[in-house]
Each structure stands twice: as C-alpha cells, then as structure tokens.
Amino acid sequence: MKVEKAVSRTLEIYLRIFGIWPNTSGILLLRVFWTVMIAFEQIFQYRYIVMRYHSIDFSKVIDVLSAAMTYTIFSFKLVIFWYKQRTLSRILTMMAIDWEKCTRTKFSMFATTCNAKLSQRLVNMTVIIYSGTVIFYSIGVIFQQTNNDSATNGTKQFILDMDLPFDANQRFIYESVIVVQFIHLLLCADGMGLLNIVLINLVLHISGQIDILRNSLMEVFPKKKKRSPSRFTIKEIIKKHQEIIAFSEQVEDLYSYIAMVLFVTDTLIICGLGFTIVASIGEPNASKNIIRNIMFYFVMNMEAFIYCFAGEYLSVKSKSIGDAAYDSLWYESDCKDNQIVLLLIMRSQNQLVITIGKVMNLSLERFSSIVKASASYLSVLLAMT
C-alpha cells in the first residue's frame with residue numbers, strides 16, 4: 001500500500017539507504033555493505049583504544065570509547081530494524097489504511113495532516129542538526145591537523161580516531177581516508193538521528209488517531225442534541241480504539257529492545273562525554289576539546305530525551321480517550337450503549353506504553369534517572385583521576 005503521505009520522503013530515502021524500508025531493491029546487498037562497513041569501523045576504533053591505552057590520557061580513552069559506543073548503538077538499531085522488518089511493514093500498512101480512512105471527515109484529515117507535517121519538519125530539522133554537527137566537527141579536525149606540528153613527525157589526526165592496518169600518513173591515502181570517514185560519519189549520524197525520529201513519527205500518528213477517536217466520542221454523544229447513537233457508530237468507535245491499541249503494540253514491539261540498549265549505553269556515553277568536557281578544563285586545548293564534545297553531549301542527551309518523552313506523551317495521550325468518553329453524554333443513551341462506553345473507559349485506563357525491554361516504561365522519570373546515574377558515574381571517574 002502507498003505510504004507517501006504517512007512518511008516523509010527524506011526519511012524514506014534514508015531508510016532505503018540502510019536497507020530498512022520494506023521491498024527495497026537490493027536490500028540484502030545494502031545490509032551486507034553496512035554490516036561490513038560498521039564492523040571494520042568498530043574494529044579499528046576499539047583497536048585504537050587497546051593499542052594506545054597506556055600511551056594516551058585517560059580522558060582521550062573515554063572520548064574515543066564514547067564515539068565507538070555510539071556506533072555500537074547504531075549497529076544494534078540497524079540489526080533490530082532488520083530483524084523486525086515484518087513489524088515495520090505492518091506498521092506502515094496500518095498507517096496507509098489510516099490515511100485512506102481520514103478522507104471521510106474534515107477533522108480526521110486535519111488531525112492526520114497536521115501531525116504528518118510536524119513529523120516532516122522534525123525530519124528536516126534532524127538532518128540539518130546532525131549534518132551540521134558532523135560538518136563543523138570535521139572542519140575543526142581538518143584545521144587542527146593543518147596547524148598541528150605533530151603532523152611533521154609522521155602522525156596525522158583523523159575525523160574518527162582509528163588504528164588502521166596500513167600507513168595512512170601519505171598525502172593521497174590520508175585524504176582518501178578523510179573523505180571516506182566524512183561520508184561514512186555523515187550518513188551514519190543522519191541515520192542515528194532519523195531512526196529516533198521514526199519513533200516520534202509513529203507516536204504523532206497515534207496521537208492524531210486518538211484525537212479522531214476523541215472527536216468521534218464527542219459527536220456521538222453531543223451535549224446539545226439528545227439523541228441515541230446508532231449501534232453501527234458505536235461499533236466503529238470500539239473498532240477504532242482497538243486499531244489504536246494494536247498500532248501501539250506494534251510500535252512497542254519495534255522499539256522495546258532498542259530502548260533497553262539506549263537506557264544502558266546512553267548513561268555511559270553521557271557520563272564519558274561529561275568527563276571529557278570537565279577534564280579538559282584547565283588544559284591548553286580546553287576550548288577546542290569542549291567545542292568538539294559539547295554538541296556530541298547535547299545530541300546524546302537529546303536522544304535519551306526523545307525516547308523518554310515519546311513514551312510519556314503516548315501514555316498521557318492514551319489516557320485522554322477515557323477522559324473524552326467520560327465527558328460526553330454517554331449516560332443518556334440506552335443501557336447497552338452505556339455498557340460499551342464504560343468498557344471503553346475501563347480499557348483506556350490501561351495506558352499505551354513503550355517499555356524498556358518489557359521491564360519498565362519509558363517516561364520523563366526514566367530520563368531523570370539517566371541524568372542522575374550519569375552524574376553519579378561522572379563523580380566516580382573524577383575521583384579516580
């Protein structure tokens with residue numbers, strides 16, 4: 001089914017590039033390509049840490065380790081999306097069906113279109129922020145290399161610190177590595193950001209469907225005109241509620257284990273980046289190191305906040321279904337309709353959630369716990385140095 005309206009074209013292109021979009025031509029080759037590329041990148045990054053652990057500062061080790069763990073998170077995301085391709089396909093199909101149904105009423109079209117436009121703006125904003133961060137970071141590294149006296153001693157700095165198995169100090173080889181690293185970093189950074197925006201896109205779609213359901217409840221039991229709604233209309237409302245629940249369960253199934261990985265690793269990465277920034281204070285290159293890591297620190301905090309906010313927003317929004325049903329004049333209809341609406345109110349008390357590995361719910365409280373845990377680990381690292 002067509003989902004052009006449900007998903008931004010930019011988002012679809014990136015999902016096709018990473019072999020996530022269903023029915024993409026050459027999807028197996030794309031997955032093999034990214035598996036090999038990220039595997040080599042991870043090996044060379046962790047090799048850099050192992051080979052230079054005793055010869056570089058501890059803050060540098062934490063800095064490189066944080067960057068390497070970010071790619072590890074991205075690889076986990078890709079694997080989970082590849083494994084859950086059928087789930088994603090079902091989600092896109094359900095979104096396409098909702099778009100076909102929204103043409104029936106003006107309010108449905110308005111609610112669905114507004115959330116879709118908001119999702120498109122978030123996609124464009126994410127691409128601009130992540131691409132801009134990579135570009136400015138790369139330019140800073142290149143300018144630092146041109147002014148670095150150590151380059152004359154045979155050591156050159158790359159955009160991503162790696163221990164390559166060949167001599168990369170020759171000009172042509174060095175420039176080739178820089179270009180490859182820049183393109184790889186740009187695509188992966190945008191991919192990391194857009195996989196997070198997919199969750200926001202899905203949650204906003206659910207939000208639009210909940211608004212349509214709430215509006216239907218208010219129209220079925222109007223406050224001015226006292227009339228009994230048709231049994232068909234009541235069944236349509238119940239069916240709509242069940243579709244929202246089913247859609248939410250598919251989203252939870254897709255992002256549950258991704259959230260579990262992020263909950264553990266983002267805490268460590270935020271801690272590591274905070275330690276790098278604090279440890280840089282007072283050093284000769286303090287301003288360069290702080291500028292280099294501050295955007296990375298902001299992006300990782302924003303990633304954790306996006307997931308926690310999406311879970312909180314979904315829970316609060318689902319609770320509004322019961323509030324809308326309760327505020328309508330359902331009690332003035334016949335007994336059978338009363339029982340159906342009461343069951344809907346009771347069912348809406350079980351809020352729609354996104355869990356962290358089926359263990360706990362994503363919420364703003366979880367985000368505060370991530371920040372507190374990273375600050376605790378940061379104080380331990382500062383005490384050790």
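In the nomenclature of an unreviewed UniProt entry, the protein chain corresponds to Odorant receptor from the organism Cardiocondyla obscurior. Listed in UniProt under the heading Sequence similarities (unreviewed entry), the comment for the protein chain reads: "Belongs to the insect chemoreceptor superfamily. Heteromeric odorant receptor channel (TC 1.A.69) family." In its Subcellular location (unreviewed entry) section, UniProt records this for the protein chain: "Cell membrane".

J.: Provide a residue-level description of the packing of aromatic side chains, including the pertinent values.
T.: Working definition: an aromatic ring pair is given by the centre-to-centre distance plus the angle between the planes. Applying the stated criterion across every chain yields a total of ten aromatic pairs. Both rings, one in F18 and one in W34, keep their centres 4.6 Å apart while their planes meet at 35°; by these two values the pair is tilted. Residue F18 is located in the loop between α1 (9-17) and α2 (27-51), and its partner W34 is located in helix α2; the two are separated by 16 residues in the primary sequence. Residue classification places F18 among the buried positions, given a relative accessible area of 3%. Relative to W34, the ring of F33 lies with its centre 5.3 Å away and its plane at 75°, an arrangement referred to as edge-to-face. Exposure remark for F33: the relative accessible area of 42% places this residue in the partly exposed category. Aromatic rings pair up to connect F18, F33, W34 and F74 into one cluster.

J.: Please give an account of the nonpolar core that cites residues and values.
T.: Ranked by size, the top nonpolar core spans 91 residues in total, and within it I20, L202, V251 and Y255 carry the most contacts. In terms of residues, this core owes the most to one element, helix α6 (residues 171-220), which gives 21 residues. Each residue touching I20, except ones within four places of it in the same chain, is listed here: L15, L78, F81, W82, Q85, L88 and L195. Ranked by size, the runner-up nonpolar core spans five residues in total, among them I62, F275, L378 and L381.

J.: Got a sec to walk through the layout of surface pockets? Specific residues and values, please.
T.: A probe matching the size of a water molecule, rolled over the atoms, marks out where space remains unfilled. Estimates place the volume of the second largest pocket at around 530 Å³. Around the second largest pocket, the lining comprises 21 residues; the ones closest to its centre are R104, I212, S216, E236 and K240. Contributing elements (two or more residues each) for the lining of the second largest pocket: α4 (85-101), α5 (106-146), α6 and α7 (231-280).

J.: Kindly report on the UniProt feature "transmembrane region" (unreviewed entry) in the protein chain, identifying the contributing residues and their values.
T.: Feature annotation in UniProt places "transmembrane region" (unreviewed entry) on residues 20-44, 64-83, 122-143, 182-204, 254-278 and 290-310, given in this structure's numbering. Secondary structure across residues 20-44 comprises 72% helix and 0% strand; the distance between its end C-alpha atoms is 26 Å. Across residues 182-204 one finds 100% helix and 0% strand; the C-alpha atoms that close the span lie 33 Å apart.

J.: I'd like a description of the packing of α4 against α6, backed by residues and values.
T.: In contact at an axis separation of 12 Å, α4 and α6 are set at 35° when each is read in the N-to-C sense. The handedness of the crossing between α4 and α6 is left-handed. Across the interface between the two elements, I91, M95, D98 and W99 of α4 pack against N201, L202, H205 and Q209 of α6. Its residues assigned to classes, the contact of α4 with α6 shows four nonpolar, three polar and one charged.

J.: Any details on the environment of M95? Residues and values, ideally.
T.: Its location among the elements puts M95 in helix α4. Here M95 falls in the buried class, since its relative accessible area comes to 1%. Along the chain, M95 and Q209 lie 114 residues apart, while their C-alpha atoms are 9.9 Å from each other. Dropping the residues within four chain positions of it, M95 is found in contact with A6, V7, N201, L202, H205 and F247.

J.: Got a sec to walk through helix α10 (residues 364-384)? Specific residues and values, please.
T.: Compared with an ideal rise of 1.5 Å per residue, which puts 21 residues at 30 Å, α10 spans 31 Å between its outermost C-alpha atoms and is within 8% of the ideal. If you check which residues of α10 are buried, you get R366, F367, I370, S374, L378 and L381. Angular distribution of buried residues about the axis of α10 spans 120°; they occupy a single face of the element. Exposed positions of α10 whose direction lies more than 90 degrees from the buried face are E365, K372 and A383.

J.: Can you explain unusual backbone geometry? Please cite residues and give values.
T.: Peptide bonds are trans in most cases, and residues, glycine excluded, mostly fall at negative phi. If you check the backbone angles, N23 has positive phi at about 60° while not being a glycine. What makes N23 exposed here is its relative accessible area of 77%. In this structure, K358 is a non-glycine residue whose phi angle is positive, near 65°. Residue placement: K358 occurs in the loop between β1 (355-356) and β2 (360-361).

J.: Please provide a residue-by-residue account of the environment of A189, values included.
T.: Relative to the helices and strands, A189 resides in helix α6. Between the C-alpha atom of A189 and that of Y71, which follows or precedes it by 118 residues, the distance is 9.1 Å.

J.: Would you mind going over the environment of V203 in detail, with residue names and values included?
T.: Positionally, V203 belongs in helix α6. The sequence separation of V203 and K317 amounts to 114 residues, and the corresponding C-alpha distance is 9.7 Å. Leave out the neighbours within four places in its chain, and V203 touches A310, Y313, L314 and I354.

J.: Give me a nonpolar patch on the surface: which residues, what numbers.
T.: A cluster of nonpolar side chains, namely L28, V32, V36 and F40, defines an oily patch on the protein surface of about 380 Å² accessible area. Its location among the elements puts V32 in helix α2.

J.: Now, about the side chain of K77: what can you tell me, with residues and values included?
T.: In this structure, K77 sits in helix α3 (residues 58-83). Under the relative-accessibility criterion, K77 is labelled buried at 2%. Polar contacts involving the side chain of K77 include one to the side chain of E303, which spans 2.6 Å. The residues contacting K77, other than those within four sequence positions of it, are M192, L195, N196, I258, L262, E303 and Y307.

Analysis parameters
- Residues numbered from 1 in each chain as written.
- Predicted model: local features only at pLDDT ≥ 70, side-chain atom pairs only at ≥ 80, totals over all residues.
- Heavy atoms only, no water.
- UniProt positions renumbered as here; feature names shortened; annotations may be inferred.
- Phe/Tyr/Trp six-rings, centres within 6.5 Å; stacked < 30°, edge-to-face > 60°.
- Helix = DSSP H or I, 4+ residues; strand = E, 2+ residues; numbered from the N terminus.
- Buried < 20%, exposed > 50% of the residue type's maximum accessible area, 1.4 Å probe, protein only.
- Core = buried A, V, L, I, M, F, W, Y, C linked by side-chain atoms within 4.5 Å.
- Contact = heavy atoms within 4.5 Å.
- 1 Å grid on protein atoms, 1.4 Å probe; cavity = no way out; pocket = protein on both sides within 12 Å on 5 of 7 lines; lining within 4 Å.
- Points joined across faces, edges and corners; volume = space filled by probe spheres on them.
- Axes fitted to C-alpha atoms, helices over the stretch in contact; angles between N-to-C directions.
- Left-handed = near helix turned anticlockwise from the far one by under 90°.
- Nonpolar A, V, L, I, M, F, W, Y, C, P; charged D, E, K, R; others polar.
- Expected span 1.5 Å × (residues − 1).
- Arc of directions from axis to C-beta.
- Patch = residues over 30% accessible without salt bridge, like charges linked within 9 Å, V, L, I, M, F, W, Y side chains within 5 Å.
- Areas by Shrake-Rupley, 256 points an atom, 1.4 Å probe, with all protein chains shown as cover.
- Salt bridge = Lys/Arg side-chain N within 4 Å of Asp/Glu carboxyl O.
- Polar contact = N/O pair within 3.5 Å; in protein donor to acceptor, adjacent residues only side chain to side chain.

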